[in-house]
Amino acid sequence: MTTEKSITPGSPVLAGLALLASQVSLNAGAAVAKYLFPLVGVEGVTAYRIGFAALLMMAIFRPWRVPLTWRQAGNVAVYGSVIGLMNLLIYRSFSHIPMGIAVAIEVSGPLAVAVWTSRRPRDLAAVGLAVLGLYFLLPIHGKVDQLDPVGVAYAAGAAVCWALYIVFGKRVSVMHGGQAVAWGMTAGALFIVPLGAWTSGAVLLTPTFMAVGLAIAVMSSALPYTLEMLSMRSLSSRTFSMFSSAAPALSALAGMVLLGEHLTPTQWLAIASIVAASALTTLR
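Residues numbered from 1 in each chain as written. Predicted model: local features only at pLDDT ≥ 70, side-chain atom pairs only at ≥ 80, totals over all residues. Heavy atoms only, no water.

Trainee: What am I meant to see in the overall build of the chain here?
Mentor: Counting its secondary structure elements, the chain contains 13 helices and zero strands. Its helices and strands taken in sequence order, the chain reads α-α-α-α-α-α-α-α-α-α-α-α-α from the N to the C terminus. A buried classification covers 48% of the 284 residues belonging to the chain. Approximately 13,800 Å² of the chain is accessible, and the part contributed by carbon and sulfur atoms is 71%. (Helix = DSSP H or I, 4+ residues; strand = E, 2+ residues; numbered from the N terminus. Buried < 20%, exposed > 50% of the residue type's maximum accessible area, 1.4 Å probe, protein only. Areas by Shrake-Rupley, 256 points an atom, 1.4 Å probe, with all protein chains shown as cover.)

Laid out in structure tokens, this is it:
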């Protein structure tokens, strides 16, 4: 009887499983995208993800039913542009360095926002852990297994975009339902899709590649977003954030299992340090 109650719809158990499934889907989508890079280019894969995700979100949420104010439109334009650029930069990073390391560096963006807006003494320890982890990941000494500086730079750019995403996401979060995400994806697609078409050309119209691109959009955007929304209904913000802080470790595991990206012990220690820093900032 107790077991049945613990897994009823809306229970924390199912919410946790939904959140885990969203992370698995997101990382599987990233792995599939990395396989597609040599065939259609990084910009082409990004165009698939953002373009198809925009179409799916528009079809699901139909945001045109609620008109936007000029101020909302401006915020959505910036929000969507940041989404598009963030995806492009992290995919660029994936093409140069392992997924887990790229995501670990990218997480420094939201971590910086959390620390900047909190000022709690505990955050000093989080900053120390994050700096320690980044030190062992950045290609500035001989202890790291020759990480490509270009890939690190792209991941750092994605971190900046993630921080801006949080700032502008907060501004558009008051909009109706999924309106902000649908319009945001569309705004991002307006410059990412033409960029992908210009760099990759007619190869993007290959039916097989388009099918894989649609799968990437579903696995990396549509499905994770839906599952996260479901999990948020039953999990506290603290629990949700604590689980999300493990993203770099999950990405590293996905890279190892799906792509054969084996990390050194030092790199695993660095990722663990950044995960600990992210988790520490969520404790309230």
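Trainee: Looking at this model, I keep getting lost on the side chain of R49. Mind explaining?
Mentor: Along the chain, the position of R49 falls in helix α3 (residues 42–61). Within the structure, R49 has its side chain in polar contact with the side chain of N87 (distance 2.9 Å). Setting aside residues no more than four positions away along its own chain, R49 makes contact with L26, N87, Y91, I216, A217, S220 and S221. (Polar contact = N/O pair within 3.5 Å; in protein donor to acceptor, adjacent residues only side chain to side chain. Contact = heavy atoms within 4.5 Å.)

Trainee: For this particular structure, what's the right way to read unusual backbone geometry?
Mentor: Both trends apply: most residues other than glycine have a negative phi, and most peptide bonds are in trans. Positive phi, normally seen in glycine, also occurs at R62, with a value near 45°. Mapped onto the secondary structure, R62 falls in the loop between α3 and α4 (70–94). Note on R62: relative accessible area 40%, which makes it partly exposed.

Trainee: How should the packing of aromatic side chains be read in this particular structure?
Mentor: Any two aromatic rings considered together are summarised by their centre-to-centre distance and by the angle between their planes. One pass over the structure, following the stated rule, counts four aromatic pairs. Seen in terms of ring centroids, Y79 and Y165 are 5.5 Å apart; in terms of plane orientation they differ by 20°. Their pairing is stacked. A residue pair is termed long-range when its members are at least 10 positions apart, and Y79 in helix α4 and Y165 in helix α8 (residues 149–172) qualify at 86 residues. Owing to a relative accessible area of 29%, Y165 belongs among the partly exposed residues under this scheme. The interplanar angle of 40° and the centroid separation of 6.1 Å between the aromatic rings of Y91 and F94 together place this pair among those described as tilted. Taken together, the residues span about one helical turn, with Y91 and F94 both in helix α4 at a distance of three residues. Per residue, the accessibility class of Y91 equals that of F94, and both read buried. Here the aromatic cluster, defined as three or more aromatic residues joined through ring pairs, consists of F37, Y91 and F94. (Phe/Tyr/Trp six-rings, centres within 6.5 Å; stacked < 30°, edge-to-face > 60°.)

Trainee: Is there a simple way to explain the nonpolar core in this structure?
Mentor: One finds V45, Y91, F94, I101 and M185 to be the most contacted residues of the largest nonpolar core, which totals 63 residues. Leaving out residues up to four positions away in the same chain, V45 has contacts with A33, L36, F37, V40, Y91 and I216. Judged by nonpolar contacts, the second largest core, of five residues, contains A126, A130, A277 and L280. (Core = buried A, V, L, I, M, F, W, Y, C linked by side-chain atoms within 4.5 Å.)

Trainee: What exactly am I supposed to notice about the environment of A126 here?
Mentor: As for its position among the elements, A126 is in helix α7 (residues 121–137). Placed 14 residues apart in sequence, A126 and A112 show a C-alpha to C-alpha distance of 9.8 Å.

Trainee: I tried to follow the packing of α4 against helix α9 (residues 179–200) on my own but got confused; where do I start?
Mentor: Relative to each other, α4 and α9 sit at 55°, their axes nearing to 7 Å. Classed by the angle they form, the pair α4 and α9 counts as oblique. Between α4 and α9 lies a crossing of right-handed hand. For the pair α4 and α9, the contacting residues are V76, A77, Y79, G80, S81, I83, G84, L85 and L88 in the first and A180, V181, W183, G184, M185, A187, G188, F191, I192 and L195 in the second. Across the contact of α4 with α9, the residue classes break down as 14 nonpolar, five polar and no charged. (Axes fitted to C-alpha atoms, helices over the stretch in contact; angles between N-to-C directions. Parallel < 35°, antiparallel > 145°, perpendicular 65-115°, else oblique. Left-handed = near helix turned anticlockwise from the far one by under 90°. Nonpolar A, V, L, I, M, F, W, Y, C, P; charged D, E, K, R; others polar.)

Trainee: Help me understand the pattern of salt bridges in this model?
Mentor: Inspection of every chain in the model, using the stated rule, returns two salt bridges. Between K34 and E261 there is a salt bridge, with the nearest N and O atoms lying 2.3 Å from each other. Note that K34 is positioned in helix α2 (residues 12–40) and E261 in the loop between α12 (247–259) and α13 (265–282), a separation of 227 residues in sequence. Exposure remark for K34: the relative accessible area of 18% places this residue in the buried category. Across the pair R92 and E43 runs a salt bridge whose closest N-O atoms are separated by 2.5 Å. Highlighted residues: R92 in helix α4 and E43 in helix α3, separated in sequence by 49 residues. (Salt bridge = Lys/Arg side-chain N within 4 Å of Asp/Glu carboxyl O.)

Functional significance is not addressed by these values, which are geometric in nature.
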